[in-house]
2 protein chains.
Amino acid sequence: MLALGIDPGTASLGYGLVKEHADGSLECLDYGVIRTGAKQPMPRRLQRIHLEIRRLIEAHQPDRAAVEELFFARNVSTAITVAQARGVVLLTLQEAGLPIAEYKPNVIKQAICGYGGADKAQMQEMVRLLLAIDEAPKPDDAADALAVAITDVHSYRLTDFAID
Amino acid sequence: MLALGIDPGTASLGYGLVKEHADGSLECLDYGVIRTGAKQPMPRRLQRIHLEIRRLIEAHQPDRAAVEELFFARNVSTAITVAQARGVVLLTLQEAGLPIAEYKPNVIKQAICGYGGADKAQMQEMVRLLLAIDEAPKPDDAADALAVAITDVHSYRLTDFAID
């Protein structure tokens, strides 16, 4: 089972691909960020996000996708910008025919660290341990995306057990 | 010159097509709303918006497109939902290779009614008069989209004069 996790954004959108092996171990296949230039018009930035995610899907052929839900108490204009990118992400995943899950930030923290109030450093260290990689994935957006993908693998596993 | 105006939304997205004739008169070619079911998953709703706008562009072959900017002081979760749809709209217009303009609500009111504080009824009546149609266009989202298209025609006209 291969899950694509996405941490939405416009300037920097994180992605991570996590494979679950038959023995339940996790492997990080790829991670990184899609960057778009702040000087480019927004429609072109959104198109770049669309094309890059499509390219990722074609290259890795994931079975599932998961996207972090947005939670903004403060800055509405930032929320609007990120949500525009998130809309394009959801469309692109839908066009690829992938099952799409959405997880709230505290649910992701709960899934990775065991409690919803975990901080960034704890999250990155747990992601590193769960994926058995030597160094914590950078930058933050990519680490967040891997956390989303791991959450999805866990969630899928639980659903799987529930059906049995 | 044919302008496609869009008032973004998820449950109901308004569109309007306004043609400017050589003598400067305006004609309303089409208007309406794209509705998506609240019970459908968001990715599917966004895909429907994408496909319907693409169909509109193919059917009418507009020269330009314009989208209302979002302004939300209050409800962040509504802002996020509408912004996701707006992101898909911008992507779809960009994919069609259209020049894309974005106008703030008060700029649209200024362009249509002459002042930025115009109310809904004044806007609808002015849209009706400018397009020389018998009845005010319904529903509101479609009337708003026609107002966006008219604003774009006016703005293009002004730019045109400026270049001469």
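Above this text is the structure in question.
The present account deals with the structure reproduced in this document. Within each chain, residues carry numbers counting from 1 in the order of the written sequence. Labels follow written order: the first chain is A, the first ligand is 1, and so on. Only residues with pLDDT of 70 or above have their local features reported here, since the model is predicted, and side-chain atom pairs are shown and tallied only from 80 upward, although totals for entire chains, interfaces and linings are computed over all residues. In computing side-chain properties, one takes all heavy atoms of the structure into account and sets aside hydrogens as well as water.

Numbering of helices and strands runs from the N terminus, with a helix taken as a DSSP run of H or I at least four residues long and a strand as a DSSP run of E at least two residues long. A count of helices and strands for chain A gives 5 helices and 5 strands. Seen in sequence order, chain A has helices and strands lined up from the N terminus as β-β-β-α-β-α-β-α-α-α. This radius of gyration counts C-alpha atoms alone. The globule rule is 2.2 Å times how many residues there are, raised to the power 0.38. In terms of overall dimensions, chain A is globule-like: its C-alpha atoms have a radius of gyration of 15 Å, near the 15 Å expected for 164 residues. Buried residues in chain A amount to 51% of all 164 residues. Think of it in three bands: residues with accessible area under 20% of the maximum for their type are buried, residues over 50% are exposed, and the middle band is partly exposed, with areas taken using a 1.4 Å probe on protein chains only.

In this section: the packing of helix H1 (residues 42-60) of chain A against helix H2 (residues 76-95) of chain B. Closest axis-to-axis distance for the H1 of chain A/H2 of chain B pair is 8 Å, and the angle between their directions is 90°. The angle between the axes of H1 of chain A and H2 of chain B places the two elements in the roughly perpendicular class. Of H2 of chain B, the residues touching H1 of chain A (which contributes Met42, Pro43, Arg44, Leu46, Gln47 and His50 of chain A) are Gly87, Leu90, Leu91, Gln94 and Glu95 of chain B. A fitted line through C-alpha atoms represents every axis, and for helices the fit uses only the stretch in contact; the resulting angles, taken between N-to-C directions, go from 0 to 180 degrees. Oblique is the label for any angle not covered by the other classes, which are roughly parallel (under 35 degrees), roughly antiparallel (over 145) and roughly perpendicular (65 to 115). Here a residue-residue contact requires only that any non-hydrogen atoms of the pair lie within 4.5 Å.

Attention now moves to the pattern of salt bridges. Every case where a carboxyl oxygen of Asp or Glu lies within 4 Å of a side-chain nitrogen of Lys or Arg is listed as a salt bridge. All chains considered together, the criterion is met by 14 salt bridges over all chains. Among the salt bridges present, the one from Arg64 of chain A reaches Asp152 of chain A, with a minimum N-O distance of 3.0 Å. Here Arg64 of chain A is found in strand S4 (residues 64-68), whereas its partner Asp152 of chain A is found in helix H5 (residues 140-163), with 88 residues between them in sequence. For the residue pair Arg64 of chain A and Asp152 of chain A, the accessibility class agrees, reading buried in each case. We note a salt bridge from Arg55 of chain B to Glu52 of chain B, for which the minimum N-O separation is 3.2 Å. On the criterion of helical spacing, the pair formed by Arg55 of chain B and Glu52 of chain B is a turn pair, its members being 3 residues apart in helix H1 (residues 42-60). Accessibility expressed as a relative area gives 45% for Arg55 of chain B, which makes it partly exposed. Each of the salt bridges in this network shares a partner with another, and the network as a whole consists of Arg48, Glu52 and Arg55 of chain A.

This part covers the sheet that holds strand S3 (residues 26-35) of chain A. Residue and element names in this part refer to chain A. When DSSP finds at least two bridges between two strands, those strands are taken to pair. Within the open sheet, the 5 strands sit side by side as S3-S2-S1-S4-S5. Their pairing is mixed. A single partner strand is all that each edge strand has here, and the edge strands are S3 and strand S5 (100-103). On average, adjacent strands in this sheet sit at an angle of 20° to one another, irrespective of strand direction. Relative to S3, strand S2 (residues 12-20) runs antiparallel, the two sharing 9 bridges. Directly across from Val18, in S3, lies its bridge partner Cys28. Sheet strands touched by H1: strand S1 (2-7), S2 and S3. Its angle to S3, the strand with the most contacts, is close to 160°. Against the sheet, helix H2 (residues 76-95) makes contact with S1, S2, S4 and S5, and its axis sits at roughly 170° relative to S4, the strand it touches most.

For the rest of this paragraph, the subject is the sheet that holds strand S1 (residues 2-7) of chain B. All names here are of chain B. On the basis of which strands lie adjacent, the open sheet formed by 5 strands has the order S3-S2-S1-S4-S5 and mixed pairing. Taken across any chain shown, the strands that pair with only one partner, and hence form the sheet edges, are strand S3 (26-35) and strand S5 (100-103). Ignoring strand direction, the axes of neighbouring strands in this sheet form an average angle of 20°. Here H2 sits on the sheet and contacts S1, strand S2 (12-20), strand S4 (64-68) and S5; the angle it forms with S4, its principal contact strand, is near 170°.

What follows deals with the nonpolar core. Note that soluble globular proteins tend to have their nonpolar side chains buried in a common cluster. The biggest cluster of nonpolar side chains holds 44 residues, and the ones touching the most others in it are Ile53 and Leu93 of chain A together with Ile53 and Leu93 of chain B. With near-sequence residues (within four places) excluded, Leu93 of chain A lies in contact with Leu4, Ile6, Ile53, Ile57, Ala65, Val67, Leu98 and Ile100 of chain A. Residues belong to a common nonpolar core when they are buried Ala, Val, Leu, Ile, Met, Phe, Trp, Tyr or Cys residues joined through side-chain atoms within 4.5 Å.

This brings us to the pairing of S4 of chain B. Residue and element names in this part refer to chain B. Along S4, 5 of the 5 residues are buried, which leaves the element largely enclosed by surrounding structure. Across the two faces of S4 the burial is the same, with Arg64, Ala66 and Glu68 and Ala65 and Val67 all buried. Alignment of S1 against S4, held across 4 bridges, turns out to be parallel. Residue pairing across strands places Ala3 opposite Arg64, the latter belonging to S4. Of the strand pairs in this sheet, S4 and S5 are connected by 4 bridges, and their pairing is parallel. Within S5, the position partnered with Glu68 by the bridge is Tyr103.

Don't take any of this as a statement about function, it's just geometry.
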